[in-house]
Amino acid sequence: MEKKSLNFIELIVEDDLAKGRNDGRIQTRFPPEPNGYLHIGHAKAICIDFGIAEDYDGTCNLRFDDTNPVKEDVEYVDSIMEDIKWLGFQWKNVYYASDYFQQLWDLAIKFIKDGKAYVDEQTAEEIAQQKGSPTVPGVESPYRNRPMEENLELFQKMSNGEIPDGKMVLRAKIDMAAPNMHFRDPIIYRIITTHPHHRTGYKWKVYPMYDFAHGQSDYFEGVTHSICTLEFEVHRPLYDWFIDQFQETDYRPRQIEFNRLNITYTVMSKRRMLQLVQEGLVSGWDDPRMPTLTGLRRRGYTPTSIRSFIDKIGYTKVEGTIDLELLEHTLREELNKTATRVSAVINPVKLIITNYPEGQVEILETVNNPEDENSGTHEIAFSRELWMEREDFMEDAPKKFFRMTPGQEVRLKSAYIVKCTGVKKDAEGNIEEIYCEYDPMTKSGMPEANRKVKGTLHWLSVAHSIPAEVRLYDRLFTVENPSADERDYHELLNPNSLEVRTNCYVEEYLKDVKPFDHFQFQRLGYFNVDPDSTPEKLVFNRTVSLKDSWAKEQRK
RNA sequence: UGUCUUAUGGUGUAAUGGUAGCACGACAGAUUCUGGUCCUGUUCGUCUAGGUUCGAAUCCUAGUAAGACAACCA
């Protein structure tokens, strides 16, 4: 058994374990704010949070960081839980930062009593101004040194709802000249009376800020490893400082930061995704073009493929961008092994076998999955009139065109070898029908069928196929890194990210499919059944195309 | 002209002082009743300069480059 190399987080955990820290206990948490849908970047965090707990015999809890009622909603709580479960993880407990509002408030009182917090009455602008800049030290607030009793009284008033929103804040008293901006008397409590909290309603008038809530919540819960993304690196000294102020035993949580996930041709910020949804540029959070988990699910991505992808990209502290192709590769890798092969024609043109008896129908067998011996076969009807793809015919074909062209033999998958004899065109010269003759001795399985031909095409019997809508998805953006582009992001959107084809056909075998079933449409790609699909009107999404070396050849 | 962090092929990631490897991509070939899959091969890398060491991608120093931080967001 080959030993898998550990990532830097696992190394830290093993080192802590070896040193006996926190009594050898491992506890993590996944701490989303319920203000948006989870995306594949969150999946990366979920995999390490739950993964570390699993691998080191620890526990992982789900904790909603719901300290800002202005932005949060139960709608998101529900979707977040659903997405985590879909990925295949199970939390030990569900916690909410709002569960700790009383404890946090008590802690704030302690800070005031210890002379480590004060009430500031300045405006947000004044406070921002005094903060200085990364290179210029800040200025102390005129309210910084007011007596402890006065702070206590004012904070009580804030908490009672006697002070309007925005008029006062509670700040930690640390160091306005600190080189780390976060130490310049950070605001730890603000007044919010106008928005109900999704769990506590209007009970609380003051709410703790992230820095005063996150690490403390970790501490209250007994978290040992608080894993988050790199953007919180500069917060870590403050995380540690707060804990220093009230730590009572040897137990201590530890924050570790890793690189967040970026993928080419997409955006990973909740703000940008919200815009896409609100401006109607996509159909919703679950639009199959969205990098949200709900979008990816609707697109046809599987939980295992996403986890496998996360496993491939690893965890480091280097900020980079992953090729979308790696994600697609991971998905194809899985679906190739699992997806049933069926035929679908998404740009149909009629093919008539002139020497095949009218009215005759043959029931043929076709394999479900050549990659899986146990997958069996299913039946497909063959007759005189078929559907084939327009792209599979060319009148004046180049040498490397291995499909249907007059005079050249091709194989109809699982059926016969045919030779094109001509076409019928309308007045504008558009091809209306294609004609061919079949060789009755070349039915699949017969010795003559082994004859070498240039190519194999998929097809459908006109009388035995059912209509379907097929939605062809492509990347949402035309540039690799939309976030870094100076242009307005509207200009970067791919106008062809969705192409709806309403005149497609699929085999009768698919008449009873259910939403999220996935298939390989032979020679086209992997498709799944959209939730919009009904027995009367089937709707398929293209999850990802097959690798297409003919398309590549054509681009040369 | 601050603090923190990072630097390995086109991309991502290993090598934990001892042979720079893997995956994706690209390119070429073979096989094929999917121009898919499978298989084979090719291409391409330790940011720079010093130092420590028998030996440095790894440790040290200095540069260079990139990123994060100045919300009553998380």
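To be clear, the structure that these remarks concern was listed above.
Summary of the structure given here. (Residues numbered from 1 in each chain as written. Chains lettered and ligands numbered in written order. Predicted model: local features only at pLDDT ≥ 70, side-chain atom pairs only at ≥ 80, totals over all residues. Heavy atoms only, no water.)

Here the focus is helix α7 (residues 210-221). Here α7 is 12 residues long and its end C-alpha atoms lie 16 Å apart, about the 16 Å a rise of 1.5 Å per residue gives. Within α7, 10 of the 12 residues are buried, which leaves the element mostly enclosed by the surrounding structure. Where α7 is concerned, the buried positions are Asp211, Phe212, Ala213, His214, Gly215, Gln216, Ser217, Asp218, Tyr219 and Glu221. (Helix = DSSP H or I, 4+ residues; strand = E, 2+ residues; numbered from the N terminus. Expected span 1.5 Å × (residues − 1). Buried < 20%, exposed > 50% of the residue type's maximum accessible area, 1.4 Å probe, protein only.)

Turning our attention to the side chain of Asp530. Mapping Asp530 onto the fold places it in the loop between β24 (525-529) and β25 (538-545). Within the structure, Asp530 has its side chain in polar contact with the side chain of Arg298 (distance 2.9 Å). (Polar contact = N/O pair within 3.5 Å; in protein donor to acceptor, adjacent residues only side chain to side chain.)

The full count for this structure, using the stated rule, is 28 aromatic pairs. Taken together, a centroid distance of 4.8 Å and an interplanar angle of 85 degrees make the contact between Tyr416 and Tyr438 edge-to-face. Here Tyr416 is found in the loop between β16 (409-412) and β17 (417-425), whereas its partner Tyr438 is found in strand β18 (residues 431-438), with 22 residues between them in sequence. Residue Tyr416 is classed as buried on the basis of its relative accessible area, which comes to 4%. (Phe/Tyr/Trp six-rings, centres within 6.5 Å; stacked < 30°, edge-to-face > 60°.)

This part covers helix α12 (residues 324-338). For α12, spanning 15 residues, the distance from its first C-alpha to its last is 22 Å, which sits close to the expected 21 Å at 1.5 Å a residue. Taken together, the buried positions of α12 are Leu324, Leu327, Glu328, Thr330, Leu331, Arg332, Glu334 and Leu335. Residues of α12 that are buried in the fold lie against α2 (40-55), α11 (303-313), β10 (340-342), β23 (518-521), β24 and β25. (Contact = heavy atoms within 4.5 Å.)

Formed by 62 residues in total, the largest nonpolar core has its most connected members in Ile9, Ile40, Ile84, Leu261, Ile306, Phe309 and Ile310. Here the element with the most residues in this core is α2; it accounts for 9 residues. Ile9 has contacts with Ile48, Ile52, Ile227, Ile256, Phe258 and Tyr315, leaving out every residue within four places of it along the chain. (Core = buried A, V, L, I, M, F, W, Y, C linked by side-chain atoms within 4.5 Å.)

It is worth spelling out the sheet that holds β16 at this point. Reading across from one edge, β19-β16-β17-β18-β12-β15-β20 is the order of the 7 strands in this open sheet, with mixed pairing throughout. Both outer strands of the open sheet, β19 (456-457) and β20 (460-461), are each paired with one neighbouring strand and no more. In the sheet, strand β15 (residues 385-389) pairs with β20 via 2 bridges, with the strands oriented antiparallel. The residue of β20 that forms the bridge with Trp387 is Leu460. (Pairing = 2+ DSSP bridges.)

Near RNA strand B lie 71 residues; those nearest to it are Gly166, Glu319, Arg341, Ser444 and Gln520. The sugar-phosphate share of atoms of RNA strand B within 4 Å of the protein amounts to 64%. Here Asn68 contributes a side-chain N or O atom positioned 3.2 Å from a sugar or linking oxygen of RNA strand B. At 2.8 Å, a side-chain N or O of Glu371 approaches a base nitrogen of RNA strand B. Every element with two or more residues in the surface near RNA strand B is listed here: α5 (124-130), β6 (187-191), α12 and α14 (549-555). (Near = heavy atom within 4 Å.)

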